[in-house]
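What follows is the residue order along each chain.
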Amino acid sequence: MALKNIIHIIIFILVSVGVQAQETATVSGVLKDAKGNPLEGANIAIVGVAKVSKSDKNGNFSIKIPANKDIQLGISYIGFSTIIKTFNLSPNEKADFSPSLKNRTTNIPSYDHIEEGNRGDPMVKIKPKLATNFTSTSGSFEAILKTLPGVSSNNEMSSQYSVRGGNFDENLVYVNDIEVYRPFLTRSGKQEGLSFINSNMVSDIKFSAGGFGAKYGDKMSSVLDVTYKEPDDFAGSFTASLQGGAVHIEGASKNHRLTFLTGVRYKTNQYILQSLDTDGEYRPSFLDIQTFITYDINEKWEIGFLGNIAKNKYQFIPQTRQTEFGTINESLQLTVFFEGQEVDQFQTYFGAISNTFTPKEGLELKFITSAFSTLEDEKFDIEGAYRIDELERDLSSDNFGDVKFNKGVGSFMDHSRNRLDAYVLNAEHKGKKIAGNHTTFWGVKYQHEFIDDKISEWGFVDSTGYFIPKGTDSIGYTNPSTQPNQLLELNEVLKSEVTLNSNRYSGYLQRAWVFEKDSINYTLNAGIRSSFWDLNQELIVSPRASFSIEPNWKRDYLFRLAGGVYYQPPFYREMRDFDGNVNREIKSQRSYQAILGSDYNFEAWGRPFKFTTELYYKHMENVIPYEIDNVRIRYFATNNAKAYATGIDFKINGEFVKGVESWFSMSVMKTQEDLLDDFYIEDYNSDGEKIISGYTANNTIVSSDTIYPGWIPRPTDQRVNFALYFQDYIPKLPSLKMHIALYYATGLPFGPSDNHDRYKATLKMPPYRRVDMGFSYLLKDAKKEHKGKLIKGFKNIWVSLEVFNLLQINNVISYLWIKDVSNRTYAVPNYLTSRQLNLKFHFEF
């Protein structure tokens, strides 16, 4: 009820102030380049006012300006010269302004090359349309990031990603300058549901894989900065597919002081989950509602409200599972019969109010208050009876591939009753001042966190088909009262109740200079941020800087150098160990980073291309080791390791096909860690053989050695990563388009799940290989007239056919560890989704 009341109050304020709306006029037009091509996404704004309008894909724009006064209107677009014109219009007057934007060009003997504005900025821009139309199983906005250099993921069902050896928790995500969070208890991609970002509402995307400035928060890997649209006119879209649907509407008042943007999404991946090895009843249901409202109190004051409600429910009743694994010499099959079910619920609520002031030209002051709440409930009781069989591998046998004999039977049971309630409240101020050739950014923030976590989960695996208590009893007791207690030993037990209240304080100061000398362009960013957490009384200081130079050479190169000290202050998950205990003294992880990069703009086949390279090194201290199972990260909750990550990223993008952008990216990376207090003991028998449970016949220990593992691969050590995103169309039928996404990544480390010994996780999963392909056809084009009454009301209508996992490759996400009667342990792969088709319709109005 409280959230509804807040919304009602905000709407009442906006409507009340709207009565005092001043008189306005309208400037509209069409933006094109020198060749007559429309320019989509150009920025149109009143000089000195924060609100920005965008041109659509046909170059059309419309913007409201105050009447009866001189107003400077600016138009800017990357690669083109900025245009500023002064207007003085009467109330309700409409003026047409359709300038032809001129390229900023660098003369090169054989051709003219278009510049890209401030290329020295470490943040990479991504076109929102590419993210919206991207083909992926998850359907998430973040799927396109996985094709970028330095970014990797081996799970198509998840929106999570790893950047340059970091884990999922090391990535910052902002929407309209507000940091957003994801659920804490999610174990697998099939539970995740929808990511926070609604692609239909996005106007601007920036991403950095490292070397980002001090104005962004304290995380060690990456930052994704997303801005939602402030629409000019009424519009909307509707999408329906086999995976769910989405609808959004947007618009503005006549005087353009009030804008609104609302999106509703529903997703069910039931269709996709049916391709997994485990058969059963999958009942996922994911719902997300978002709204973004802005109102101009006057020319210098804008109020904004961003709200989100997400309700995700995952219900699963497993029935059977059959998985073949092993080698040519030993081909095995696991068969499991299940009883029980899993019911998970994740509910998140988010609200933010922003006040943006522009008291004078070049100065912007923003005040933001936000609240985030997550209510997570995880319940499951699943029992399984399994058998391990060896398959006939003789190609000449009539029974090839059939069960040859049984190697063992067993059972397991998993139980969970987990609940987590978390609240995060923020109040912050951000400022920006433009003066001459430099821009200054500053900010201060207060954050309060409340977490109430109740965990009760246990499990056991028995390899003999029954499970009994174990004790130190012996045959011959005559007095039962003297018999010792019989304990039921479970292989994993986790029970705890934790309540945390804490406060964080942070601030930053950053300045960016852009200057030119002797026809050489320079960019310098330098800043510092600091934060304090009252739970562990830790103060951290993080200096960061980047420098770029664009020499006046015949070939168009730019070189960048970035570095700094990046911290990862612990949140709740880093504080909780495997037994549920919370380490309140844990400290921030620290990373010293250096990045050297370059980009080279060139032309081939008369079309523009860019080749980028970045070489990086990260030295990390106070590292908190962790394990990854699917998307679940479990920390050791102690700063007992040091680590490093080093690698090189490449990307080439451009118009391989005229008029559409494609790219190839490749990364080579190595990341390792050294736990400072880990060791293990190897036992040897009288024959000098190392004793391995379930394999060695003679298990009598005669000698032992203490082994210190030293440097071992981190859980994200993916040495080679390659991704391709390619678009094409039929020249004589441009309405029919094709795009393909190809992924290849070497295997991640893994090891036995018992005892959580990190040194054992040196085995390698098979490589991740996947191809997704999509075909789309434009049924209705806004540029053409159509006679049909049914489709006349729509601007554009697309129909798409998507093919997931085109090559039908069984990728491995994790392993199930089971034992036979001889106590021999087997790692049974958990496979991801197989080939699936998805039909999608998209309507724009």
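Source: prediction; values computed, not measured.

Reading the values: the criteria
- Residues numbered from 1 in each chain as written.
- Predicted model: local features only at pLDDT ≥ 70, side-chain atom pairs only at ≥ 80, totals over all residues.
- Heavy atoms only, no water.
- Helix = DSSP H or I, 4+ residues; strand = E, 2+ residues; numbered from the N terminus.
- Buried < 20%, exposed > 50% of the residue type's maximum accessible area, 1.4 Å probe, protein only.
- Pairing = 2+ DSSP bridges.
- Axes fitted to C-alpha atoms, helices over the stretch in contact; angles between N-to-C directions.
- Salt bridge = Lys/Arg side-chain N within 4 Å of Asp/Glu carboxyl O.
- Contact = heavy atoms within 4.5 Å.
- pLDDT = per-residue confidence, 0-100.
- Polar contact = N/O pair within 3.5 Å; in protein donor to acceptor, adjacent residues only side chain to side chain.
- Core = buried A, V, L, I, M, F, W, Y, C linked by side-chain atoms within 4.5 Å.

**Looking at the environment of Asn796**
Moving on, step 1. The residue Asn796 is located in strand 44 (residues 796-804) in this model.
Moving on, step 2. On the accessibility criterion, Asn796 (3% relative accessible area) is buried.
Moving on, step 3. Between the C-alpha atom of Asn796 and that of Ala782, which follows or precedes it by 14 residues, the distance is 5.6 Å.

**Digging into the pairing of strand 40 (residues 733-745)**
Moving on, step 1. Where strand 39 (residues 720-730) and strand 40 come together, 10 bridges link them in antiparallel fashion. By the bridge assignment for strand 40, Leu724 is matched with Leu742.
Moving on, step 2. The hairpin turn running from strand 39 into strand 40, its antiparallel successor, is 2 residues long.
Moving on, step 3. Inspection of the sheet shows strand 40 paired to strand 43 (residues 768-780) by 10 bridges, in the antiparallel sense. Residue pairing for strand 43: Leu736 is matched across the bridge by Tyr777.

**Quick word on the sheet that holds strand 7 (residues 94-96)**
Moving on, step 1. Taken in spatial order, the 3 strands make up an open sheet running 4-1-7, and their pairing is mixed. Both edges of this open sheet fall to strand 4 (60-66) and strand 7, since each of them pairs with a single strand only. Ignoring which end each strand starts from, the neighbouring axes of this sheet average 20 degrees apart.
Moving on, step 2. Pairing analysis gives 3 bridges linking strand 1 (residues 24-30) to strand 7, with the strands arranged parallel. By the bridge assignment for strand 7, Thr26 is matched with Lys94.

**Side note on the pattern of salt bridges**
Moving on, step 1. Inspection of every chain in the model, using the stated rule, returns 37 salt bridges.
Moving on, step 2. For the salt bridge of Lys229 with Glu250, the shortest nitrogen-to-oxygen distance reads 2.8 Å. Placement of Lys229 in the loop between strand 16 (222-228) and strand 17 (235-241) and of Glu250 in strand 18 (residues 244-252) is noted, with a sequence separation of 21 residues between them.
Moving on, step 3. Owing to a relative accessible area of 21%, Lys229 belongs among the partly exposed residues under this scheme.
Moving on, step 4. Given the relative accessible area of 10%, Glu250 is considered buried.
Moving on, step 5. If you follow the salt bridges from partner to partner, you end up with Arg164, Arg560, Asp599, Glu614 and Asp649 in one network.

**Quick word on the environment of Tyr725**
Moving on, step 1. As for its placement among the helices and strands, Tyr725 is situated in strand 39.
Moving on, step 2. With 48 residues separating them in the primary sequence, Tyr725 and Met773 have C-alpha atoms 9.8 Å apart.
Moving on, step 3. When near neighbours in sequence (up to four residues on either side) are disregarded, Tyr725 contacts Leu130, Phe134, Glu661, Ser662, Trp663, His739, Ile740 and Ala741.

**As for the sheet that holds strand 10 (residues 124-126)**
Moving on, step 1. What the 5 strands build is an open sheet, ordered 10-15-16-13-14; its pairing is mixed. The sheet is open, and its two borders are formed by strand 10 and strand 14 (178-179), each paired with just one other strand.
Moving on, step 2. Bridge count for strand 13 (residues 171-175) against strand 16 is 5 bridges, and the pairing is parallel. Its bridge partner lying in strand 16, Asn171 is registered against Ser222.

**Points about the confidence of the model for the chain**
For residues with low pLDDT, the predicted coordinates do not support detailed interpretation.
Moving on, step 1. Averaged over all residues, the pLDDT of the chain equals 85, while 90% of them reach at least 70.
Moving on, step 2. Scored below 50 in pLDDT, residues 1-21 makes 14 contacts in the model with residues more than four places away or belonging to other chains.
Moving on, step 3. In the model, residues 105-117 has pLDDT below 50 throughout and makes 31 contacts with residues more than four positions away in sequence or in other chains.

**A few points about the side chain of Ser158**
Moving on, step 1. By the secondary structure assignment, Ser158 is in the loop between strand 11 (151-152) and strand 12 (162-163).
Moving on, step 2. A relative accessible area of 1% means that Ser158 is categorised as buried.
Moving on, step 3. Polar side-chain contacts of Ser158 include one of 3.0 Å to the backbone nitrogen of Gln160.
Moving on, step 4. Of the polar contacts made by the side chain of Ser158, one reaches the side chain of Glu192; its length is 2.6 Å.
Moving on, step 5. If we ignore the near neighbours within four places in the chain, the residues touching Ser158 are Ser138, Lys146, Gly189, Glu192 and Val631.

**Regarding the nonpolar core**
Moving on, step 1. Counting 70 residues, the largest nonpolar core has Ile197, Phe207, Leu224 and Tyr228 as the members making the most contacts within it.
Moving on, step 2. When near neighbours in sequence (up to four residues on either side) are disregarded, Phe207 contacts Pro122, Met123, Val124, Ile126, Leu145, Leu148, Val151, Tyr161, Val163, Ser222, Val223 and Leu224.

**Description of the environment of Arg187**
Moving on, step 1. Its place among the elements puts Arg187 in the loop between strand 14 and helix 3 (189-192).
Moving on, step 2. The buried category is assigned to Arg187, whose relative accessible area is 16%.
Moving on, step 3. As for Arg187 and Ile628, which are separated by 441 residues in sequence, their C-alpha atoms are 9.6 Å apart.

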